[in-house]
Amino acid sequence: MKKTLLLISFISLIAFSSQAQDFRGPDKSSMDMAYYPDNFAHDRKGSDEALVRVIYSRPKKNDREIFGKLESYGKVWRTGANENTEIKLYKDATVAGKKLKAGTYSLFTIPGESEWTIIFSSALDYWGAYSYKEDKDVLRVTVPSKKVADTIEYFSIVFAKSGANGATMSLGWDKTVVDVPFTF
């Protein structure tokens, strides 16, 4: 009887474990998406078309000093957390006065105290900036950074309309905001 009970228990354990699904735990930083027009996927009407989409992970400030300390000035940053931030242009654009073809790019940045270099790279699907290679850069532009009074707890990207055919992509974290102008 003991052997039969032991055998039934063993078979039940094997059957249960073979059907159990293993799920990864949640990321320490949440993934987010920014569109232009803003909130496009939610507010889309009829034949509306998106112009830009950014997929990124949102690290938290968590009482840390961010730029110049956690993220060094003058060093390539993945512009978020986890996988590279990815930007998709649905049509050709001008970014800070320079032409950029429609397509999907990794978005890297080089933070500085008063200005940032914004990098659009053809190297996709990497973790962080560890494999960053300058020869994969498609476009680099330099834009000013500014300090803001209110702390931005989670790294964030948002688009706002700018002029008749433009948008501004704002990157913000801690007390720093960087505005990148686009025209379409």
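Small disclaimer: the values here were computed from a predicted structure and weren't measured. (Residues numbered from 1 in each chain as written. Predicted model: local features only at pLDDT ≥ 70, side-chain atom pairs only at ≥ 80, totals over all residues. Heavy atoms only, no water.)

**Student:** For this particular structure, what's the right way to read the pairing of strand β2 (residues 52-58)?
**Tutor:** A regular strand places its side chains so that they alternate between the two faces of the sheet. Summarising burial for β2: five of the seven residues are buried, a large majority. Here strand β1 (residues 30-36) runs beside β2; their pairing, made up of seven bridges, is antiparallel. Note on β2: the bridge partner recorded for aspartate 32 is tyrosine 56. In this structure, β2 lies alongside strand β3 (residues 85-89), joined through four bridges in antiparallel fashion. Bridge assignment links valine 52 to a residue of β3, and that residue is leucine 89. (Buried < 20%, exposed > 50% of the residue type's maximum accessible area, 1.4 Å probe, protein only. Helix = DSSP H or I, 4+ residues; strand = E, 2+ residues; numbered from the N terminus. Pairing = 2+ DSSP bridges.)

**Student:** Explain the pattern of salt bridges to me, please; I cannot follow it from the model alone.
**Tutor:** Pairs can form between side chains of opposite charge whenever their charged atoms are close. Per the counting criterion, the structure on display carries five salt bridges. The shortest N-O distance in the salt bridge between aspartate 32 and arginine 58 comes to 3.3 Å. Remark: arginine 58 occurs in strand β2 and aspartate 32 occurs in strand β1; sequence separation between them is 26 residues. The salt bridge partner of aspartate 137 is arginine 140, with a shortest N-O separation of 2.7 Å. You can call arginine 140 partly exposed: its relative accessible area is 27%. (Salt bridge = Lys/Arg side-chain N within 4 Å of Asp/Glu carboxyl O.)

**Student:** For this particular structure, what's the right way to read unusual backbone geometry?
**Tutor:** In terms of backbone geometry, most residues other than glycine have negative phi values and most peptide bonds are trans. Residue tyrosine 36 is joined to proline 37 through a cis peptide bond whose omega torsion reads 5°. Here aspartate 63, not a glycine, exhibits a phi torsion of approximately 65°, which is positive. The topology assignment puts aspartate 63 in the loop between β2 and β3. Residue aspartate 63 is classed as exposed on the basis of its relative accessible area of 79%. If you check the backbone angles, threonine 79 has positive phi at about 65° while not being a glycine. Topologically, threonine 79 is positioned in the loop between β2 and β3. Residue threonine 79 is classed as buried on the basis of its relative accessible area, which comes to 0%.

**Student:** Explain the environment of alanine 34 here, please?
**Tutor:** Among the structural elements, alanine 34 can be located in strand β1. Once you skip the residues sitting within four places of it in the chain, alanine 34 turns out to touch Val52, Arg53, Val54, Tyr56, Ile157 and Phe159. (Contact = heavy atoms within 4.5 Å.)

**Student:** What am I meant to see in the layout of surface pockets here?
**Tutor:** When its volume is computed, the largest pocket comes out at roughly 370 Å³. Around the largest pocket, the lining comprises 18 residues; the ones closest to its centre are Leu70, Glu71, Trp77, Arg78 and Tyr130. Its residues assigned to classes, the lining of the largest pocket comprises 10 nonpolar, four polar and four charged. (1 Å grid on protein atoms, 1.4 Å probe; cavity = no way out; pocket = protein on both sides within 12 Å on 5 of 7 lines; lining within 4 Å. Points joined across faces, edges and corners; volume = space filled by probe spheres on them. Nonpolar A, V, L, I, M, F, W, Y, C, P; charged D, E, K, R; others polar.)

**Student:** How do you make sense of the confidence of the model for the protein when you look at a structure like this?
**Tutor:** Caution applies to low-pLDDT regions: their predicted coordinates should not be interpreted in detail. Across the protein, pLDDT averages 88, with 84% of residues at or above 70. Contacts for the low-pLDDT stretch residues 10-18, under 50 throughout, to residues beyond four places or in other chains number zero contacts. (pLDDT = per-residue confidence, 0-100.)

**Student:** Please explain the packing of aromatic side chains as it appears in this structure.
**Tutor:** Geometry of an aromatic ring pair is reported as the spacing of the ring centres plus the angle between the planes. In total, this model carries 14 aromatic pairs according to the counting rule given. With a centroid separation of 6.2 Å and an interplanar angle of 5°, the aromatic rings of tyrosine 36 and phenylalanine 184 are classed as stacked. With a gap of 148 residues between them, tyrosine 36 in strand β1 and phenylalanine 184 in the segment after β9 (166-183) connect regions that are remote in the sequence. Judged by its relative accessible area of 9%, tyrosine 36 falls in the buried class. Three or more aromatic residues joined by ring pairs make a cluster, and in this case those are Tyr56, Phe67, Trp77, Trp116, Phe155 and Trp173. (Phe/Tyr/Trp six-rings, centres within 6.5 Å; stacked < 30°, edge-to-face > 60°.)

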